[in-house]
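# What the coordinates show
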Amino acid sequence: MIKQINMEVEAMSVNELTELGNRAISLGLIIGHGYRSNKYEILRRNEVVALSPKEARAYLKKLIEEVGG
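As a starting point, this report considers the structure included with it. Predicted model only: the values in this text are computed from it and were never measured.

Our next topic: the pairing of strand 3 (residues 47-51). Look at any regular strand and the pattern is simple: side chains alternate between the two faces of the sheet. Here strand 2 (residues 39-44) runs beside strand 3; their pairing, made up of 5 bridges, is antiparallel. Residue pairing in the sheet places Y40 in a bridge with L51 of strand 3. Between strand 2 and strand 3, which pair antiparallel in sequence order, lie 2 residues.

The backbone of S37 sits at a positive phi, close to 50°, despite the residue not being glycine. Here S37 is to be found in the loop between strand 1 (32-36) and strand 2. For N38, which is not glycine, the phi torsion reads 65° and is therefore positive. When you line up the elements, N38 lands in the loop between strand 1 and strand 2.

Conventions we followed
- Residues numbered from 1 in each chain as written.
- Predicted model: local features only at pLDDT ≥ 70, side-chain atom pairs only at ≥ 80, totals over all residues.
- Heavy atoms only, no water.
- Pairing = 2+ DSSP bridges.
- Helix = DSSP H or I, 4+ residues; strand = E, 2+ residues; numbered from the N terminus.

What follows is the structure in structure tokens.
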């Protein structure tokens, strides 16, 4: 039961990251995003930012908030 709950929470986190990343792309803030080597990579024009999923969520939220998206 606990394992199933943990998997559901993890799936929600992945979905939220995907939605935030896609929103940031649509606003022109980043050019790509996704998991790679246990990190979440955020691709900007001249930069690759590799963060933990928790840090990536905060980073993307801040980017979006800065432009009022």
